[in-house]
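# Coordinates in review
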Amino acid sequence: MARRARLVAQGVAIGLVALLFTLLVWALVTEEGGDLAAAAARGERPAAPAFELERLDEEGELALSSLRGKAVVLNVWASWCAPCREEAPYFEQLWRENRSRGLAVVGLNAKDFRRDARGFMRRYELTFPVVFDGPGETVGRYGVTGFPETFVLDREGRVIEVFVGAVNSDEDREELEAAVDRALES
Amino acid sequence: MTRVLAGTLVVLCAALTAPAAWSAPPNAADLEAEVVCPVCETTLDQSNAPVAERMKLYIRERIAAGDTEQQIKDALVLEFGPGVLATPEKSGFGLLAWLLPLVVLVVGAVVVGLLVRTWSRGRGETPEEVSLDPALERRVDEELARFEG
C-alpha cells in the first residue's frame, strides 16, 4: 500500500514537471513578437500580429485586417514619451502626402491614459487613425521594447521593416520612405 | 423627562456613529505601493519612469477630486488593464488568485496526511515470526551461554 502511494506521488510529481515543461515550450513556440524586427532585418516578411482595438480618433474599433490591400505604417507611441512628440508631425505629413497612394498611417497608443492620448493628438493635429492599447497586450505581441517604434507593413499585412526609436533624422526618414515605397509596390 | 433623555441618547449615538460612517480619503503613498508601472513592472513608489510619474499625478488628482481608493483603482484598470494592480482584485476572476493557493494548500495537506497515515500503518505491521531450525537455535543458545559465561 505504502509503495503504491509512493509510486502515485512520484507519478504526480513527474506529471507536473512534464506539464510545466510543455507549457514553457508552448509559450516559446507560440510567441509572436520579439523577433519581428530581426526577421524583417533578415529580409523575411513575417505576418504582422492581428489586432482589433478601440479607436481614439473616433467611435468604434479598428481591425488591422480591415486595412488589407493598403501599405501600413504602424507607429507605436505614448503621450509621456518625449521622442514620440518629436516625430508625431512627421507621421502626419507622411499620411497626408501618401494616403492617396494607398498608404494608411495608424497610431498605436499604448500604456497611456486615453485623455492624455487625445490631448496629444489635438496638440499635434493628428488626423490619421489612432488605436488604444492601454494594457500593452498588442505592443507585447509586436515585441515592442521601448517607445516609439514603427512598423512598415506591405499590402498583405507582412512586416517589411521595423524602426526602433524615433524616426527623426533625415537618414531615418529616407529609410522609412524607401520602405513605404517598397510596401506600396508589394 | 424620559422622552428628553431618550432623544438626547439618540442624538449622542448618531453623533458618535457618524465618524465611523465617514471614510478617510485614500492615501497616495499606499496607492502608489499597490499600483504597477506598466513600463517598468515595479510599483509606482519604486519607479520614476515618465508614465509612473504621470500615474502618481493622476492618483493625487483623483484623491483631490474626492474619489475613493476603489474608484481610483477601477479607473486605472480601465486604462491599463487588471495587470496595473500589484495584487489581484478580491472579486471575479481575480478571486481565483486568492483562493487557488489556499485550495492547493488544503489539498496538499490532505495528500500529505494520507501519505503519512499510510506509511505509518506500513511501519506498524509486525513482521512474521521466523522459526529457526531447532539445531541452529540450540547452537545459538550454546554460543550465547559460552559468551556470557
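As the structure is a prediction and not an experimental result, all values here were calculated from the model.

Basis of the calculations
- Residues numbered from 1 in each chain as written.
- Chains lettered and ligands numbered in written order.
- Predicted model: local features only at pLDDT ≥ 70, side-chain atom pairs only at ≥ 80, totals over all residues.
- Helix = DSSP H or I, 4+ residues; strand = E, 2+ residues; numbered from the N terminus.
- Buried ≥ 20, exposed ≤ 12 C-beta atoms within 10 Å, placed from the backbone.
- Pairing = 2+ DSSP bridges.
- Core = buried A, V, L, I, M, F, W, Y, C linked by C-beta atoms within 7 Å.
- Contact = placed C-beta atoms within 7 Å.
- Expected span 1.5 Å × (residues − 1).
- Arc of directions from axis to C-beta.
- Axes fitted to C-alpha atoms, helices over the stretch in contact; angles between N-to-C directions.
- Right-handed = clockwise from strand over helix to strand, strands pointing away.
- pLDDT = per-residue confidence, 0-100.

### With respect to the overall build of chain A
- Within chain A, the secondary structure is distributed over six helices and seven strands.
- Along chain A, helices and strands appear, N-terminal first, in the series α-α-β-β-β-α-β-α-β-α-β-β-α.
- Looking at chain A as a whole, 37% of its 186 residues qualify as buried.

### Quick look at the pairing of strand 6 (residues 149–153) of chain A
All names here are of chain A.
- Among the five residues of strand 6, five are classified as buried, and the element is accordingly described as predominantly covered.
- Side-chain alternation along strand 6 places Glu 149, Phe 151 and Leu 153 on one buried face and Thr 150 and Val 152 on a second face that is also buried.
- Sheet topology note: the strand 3 (residues 71–77)/strand 6 ladder contains five bridges and is antiparallel. Along strand 6, the bridge assignment pairs Val 73 with Val 152.
- Direction of pairing for strand 6 relative to strand 7 (residues 159–164): antiparallel, over a ladder of five bridges. The residue of strand 7 that forms the bridge with Phe 151 is Val 162.
- Between strand 6 and the antiparallel strand that follows it, strand 7, lie five residues; Gly 157 among them carries a positive phi value of about 75 degrees.

### Regarding the nonpolar core
- Ranked by internal contacts, the top residues of the largest apolar core, which has 66 residues, are Val 152 and Leu 153 of chain A.
- Aside from chain neighbours lying at most four places away, what touches Val 152 of chain A is Val 73, Ile 160, Glu 161, Leu 176, Ala 179, Val 180 and Ala 183 of chain A.

### Focus on helix 4 (residues 69–80) of chain B
- Look at helix 4 of chain B: 16 Å from first C-alpha to last across 12 residues, which is about the 16 Å you get at 1.5 Å a residue.
- What helix 4 of chain B keeps buried is the set Ile 72, Lys 73, Leu 76, Glu 79 and Phe 80 of chain B. All buried residues of helix 4 of chain B lie within an arc of 125 degrees about the axis, which places them on one face of the element. Those residues of helix 4 of chain B that are exposed and angled more than 90 degrees off the buried face are Gln 70, Asp 74 and Leu 78 of chain B.
- Considering only its buried residues, helix 4 of chain B is in contact with helix 4 (114–123) of chain A together with helix 2 (28–34) and helix 3 (50–64) of chain B.
- In the segment just after helix 4 of chain B, Gly 81 of chain B is the residue with positive phi, at about 85 degrees.

### Description of the sheet that holds strand 7 of chain A
Residues and elements named next belong to chain A.
- The seven strands are arranged 2-1-5-4-3-6-7 in an open sheet whose pairing can be described as mixed. Across the chains shown, the open sheet's two edge strands, defined by having one partner strand only, are strand 2 (61–63) and strand 7. Within this sheet the neighbouring strands show an average axis-to-axis angle of 30 degrees, counted without direction.
- The sheet contact formed by strand 1 (residues 52–55) and strand 2 spans three bridges and is antiparallel. Bridging from a neighbouring strand, Leu 53 pairs with Leu 62 of strand 2.

### Digging into the pairing of strand 5 (residues 130–133) of chain A
- Of the two faces of strand 5 of chain A, the one holding Val 130 and Phe 132 of chain A and the one holding Val 131 and Asp 133 of chain A are both buried throughout.
- Remark: the strand 4 (residues 103–110) of chain A/helix 4 of chain A/strand 5 of chain A crossover connection has right-handed handedness.

### A closer look at unusual backbone geometry
- Here the amide bond leading from Phe 147 of chain A into Pro 148 of chain A is cis, since omega sits at -5 degrees, within 30 degrees of zero.
- Take Pro 148 of chain A: it is sitting in the loop between helix 5 (137–141) and strand 6.
- The backbone of Lys 111 of chain A shows a phi angle near 50 degrees, a positive value even though the residue is not glycine.
- Turning to its location among the elements, Lys 111 of chain A is positioned in the loop between strand 4 and helix 4.
- Judged by local crowding, Lys 111 of chain A falls into the buried class, with 24 C-beta atoms found within 10 Å.
- Even without glycine at this site, Glu 41 of chain B takes up a positive phi of about 65 degrees.
- Glu 41 of chain B sits in the exposed class, given 10 other C-beta atoms within 10 Å.

### Some details on the confidence of the model for chain B
- For chain B, per-residue confidence averages 83 on the pLDDT scale, and residues scoring 70 or more make up 74% of the total.
- ipTM for the predicted complex: 0.77, alongside a pTM of 0.70.

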